[in-house]
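Residues per chain are reported as follows:
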Amino acid sequence: MRYVSTRGGMAPQTFTQILLGGLCPDGGLAMPESYPRVGAAELAAWRSLSYAELAFEVLRKFCDDIAAADLKALCAKTYTRAVFRTEAITPVKTLEPGLHILELSNGPTLAFKDMAMQLLGNLFEYVLEKRGDSINILGATSGDTGSSAEYALRGKRGVNVFMLSPQDKMSPFQTAQMFSLQDANIFNIAVRGVFDDCQDIVKAVNNDAAFKARQRIGAVNSINWARVAAQIVYYFRGYFAVTKSNDEQAAFAVPSGNFGNICAGHIARMMGLPVARLILATNENDVLDEFFRSGRYRVRPSSQVAQTSSPSMDISKASNFERFVYDLVGGDTAVVKQLWSKVDTGGEFNLAGTPYFANVKEYGFVSGSSTHADRLATIRRVYKDYGVMIDTHTADGVKVGLEHRQPGIPLVCMETALPVKFAATIREALGRDPDYPPGCENLESLPQRFEVMDADAGAVKDYIARQTGL
Ligand SMILES: *Cc1c(COP(=O)(O)O)cnc(C)c1O
């Protein structure tokens, strides 16, 4: 399996060659040269596998330059009861016949990003050790991504993590999750500023090519291919959980921001998983819903991004969306390049009326959006009717999923975080506190370890250099 760029300007690479990289040299995203197909016999055999076994079977199709036995061991080490607090890893909760929640938030940070990030941590350590190399991950976070990366990379050999977050802007629970980590390779930097300041610092550091090379600066952002690949697994798993035979179809409702989660669903479907619909849900930041309804992809300036009660979906552009458009235009890299020459300069494109846009239906995509009032109503309804408490992002998915539900086709709503992470909105909706999962009750009173710094890239560079000694 070789990987190429959506913009056509990269010589084919192997899985481990693109594992530690970010954007391709031409600014595009890495994509497999073709999608592996899963035949009927194979799909039938996969039904009875454990999560770790299934992960190995799916990932070996995308990753053929890690020895099979090693990849199997990495999957077995990642998807355990100890890490995900349940034997099933992603259990299904059935609300009523044909309506299900796929639990993706039982990992260490109680959000679905752990599903891929935990594997990525083990892959990084494995590949760096083979090469005798090391990496310093630099990132900016407003919540889930940063903590998920830290919990995946804590204590890993050959890796340090420098994570910038806006001081006093994350929820108390999210802050405690990150800042309570005492591992020597984790460095939390609270920046006096907003999330955009943090992102600007990351950009500025990466633009200093000499510093970047000397410090071996890397990233684990949502465009990382291995993250997308690892997420494919739970679409298969969810499908098997809600169907009895492979003649049946299922639909998935996916709360979406950077298009990473649902991109994995799209790929599972391209591989042959019987998916009737991929239902994309946004919050008030509806750049993706607008595209799937109208064909118009209009990236918002960050001043126009609304701060909502499902904050992990507050995005101005969807960083993985280019992967889907590459498929939509039949892999024509010249077209992708031309469309993104507009996006990258703050412009927009419109595929309405083109044969490309007609393909959207073929790919099973439908979409909708949700508001704060919708979230409150959905959280209340699911709690009242089924006695199940869902978080704000999951609520966006359930709301839009129900609007597109088809008779006779089981609907799987992706649970992307636990309610405890967004306690204020749960209190607003239900008039009570969310339940704390076992082991998290005292998190907010643990000692915290972090550095407070001005929004100054030079100061951050000095700090990194002092810690690494490079
Ligand atoms: C990251 C995140 C999302 C959005 O997922 P994408 O892969 O970016 O589309 C949704 N919900 C939660 C809780 C998240 O952390």
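Now for a description of the structure that goes with this document. (Residues numbered from 1 in each chain as written. Predicted model: local features only at pLDDT ≥ 70, side-chain atom pairs only at ≥ 80, totals over all residues. Heavy atoms only, no water.)

**Quick word on the packing of helix H3 (residues 51–60) against helix H4 (residues 68–78)**
What counts here: Inter-axis angles, ranging from 0 to 180 degrees, are taken between N-to-C directions of lines fitted to C-alpha atoms, where helices are fitted over the stretch in contact. Helix and strand assignments come from DSSP, with helices taken as H or I runs of at least 4 residues and strands as E runs of at least 2, each series counted from the N terminus. For this classification, under 35 degrees means roughly parallel, over 145 means roughly antiparallel, 65 to 115 means roughly perpendicular, and everything else is oblique. Left-handed is the label given to a crossing in which the near helix is rotated counterclockwise from the far helix by less than a right angle, and right-handed is the label when the rotation is clockwise. In what follows, residue pairs with any heavy atoms lying within 4.5 Å of each other are defined as contacts. Side-chain classes follow a simple rule in which Ala, Val, Leu, Ile, Met, Phe, Trp, Tyr, Cys and Pro form the nonpolar group, Asp, Glu, Lys and Arg form the charged group, and the remainder, Gly included, forms the polar group.
Two elements in contact, H3 and H4, have axes separated by 8 Å at closest approach and are oriented at 140 degrees. Between H3 and H4, the angle is such that the two are oblique. Judged by the sense of rotation from one axis to the other, the crossing of H3 with H4 is right-handed. Between H3 and H4, the residues in contact are Ala52, Ala55, Phe56, Leu59 and Arg60 and Ala68, Leu71, Lys72, Cys75 and Ala76, respectively. In the contact of H3 with H4, the residues fall into eight nonpolar, no polar and two charged.

**A short note on the site of the ligand**
Inclusion rule: A single heavy atom is enough: if one lies within 4 Å of a molecule or strand, its residue is considered near that molecule or strand. For the purposes of these results, a polar contact is taken to be a pair of N or O atoms within 3.5 Å, where, inside protein, one atom must be able to donate a hydrogen and its partner to accept one; residues adjacent in sequence count only when each atom of the pair is a side-chain atom. To be clear on the numbers: accessible area is Shrake-Rupley with a 1.4 Å probe, and residue cover counts the displayed protein chains and nothing else.
Among the 15 residues in the neighbourhood of the ligand, the closest are listed as Lys113, Asp144, Gly257, Asn258 and Asn261. Separating an oxygen atom of the ligand from a backbone N or O atom of Gly257 is a distance of 2.7 Å. Between the ligand and Asn261, the relevant distance is 2.9 Å, taken from an oxygen atom to a main-chain nitrogen or oxygen of the residue. Protein burial of the ligand: of its 390 Å² of free accessible surface, 96% is covered by the chains. Residue composition of the shell around the ligand, grouped by class: five nonpolar, eight polar and two charged.

**Side note on the pairing of strand E10 (residues 275–282)**
In plain terms, the rule: Accessibility here uses a 1.4 Å probe with only protein chains present; expressed as a share of the type maximum, an area under 20% marks a residue as buried, one over 50% as exposed, and anything in between as partly exposed. Pairing between two strands requires that DSSP report at least two bridges joining them.
Of all eight residues in E10, seven are buried, a share of seventy percent or more. Both E10 and strand E13 (residues 365–369) contribute to a ladder of five bridges, which runs parallel. Residue Thr282 lies in a different strand from E13, and its bridge partner there is Ser369.

**Observations concerning empty space enclosed by the protein**
Let me state the cut-off plainly: Note on definitions: the grid is 1 Å and covers protein atoms alone; a cavity is a set of points where a 1.4 Å probe fits but cannot get out; a pocket is an open set with protein on both sides within 12 Å along at least five of seven lines; lining residues have an atom within 4 Å of a point. Grid points are joined across faces, edges and corners, and a volume is the space filled by probe spheres set on the points.
Following the criterion strictly, the structure yields one cavity of 30 Å³ or more and no others. Lining the largest cavity we find Ala251, His404, Arg405, Gln406, Ile409, Pro410 and Leu411. Each residue belonging to the lining of the largest cavity can be placed in one class, and the counts come to four nonpolar, two polar and one charged.

**Remarks on the sheet that holds strand E9 (residues 250–255)**
The mixed open sheet is built from six strands, whose spatial order is E3-E4-E14-E9-E10-E13. Of all the strands in the sheet, the pair left with one neighbour each is strand E3 (92–96) and E13. Sheet twist, expressed as the average angle between the axes of neighbouring strands with direction ignored, equals 25 degrees. Sheet strands touched by helix H18 (residues 392–403): strand E4 (99–103), E9, E10, E13 and strand E14 (411–415). Its angle to E10, the strand with the most contacts, is close to 130 degrees.

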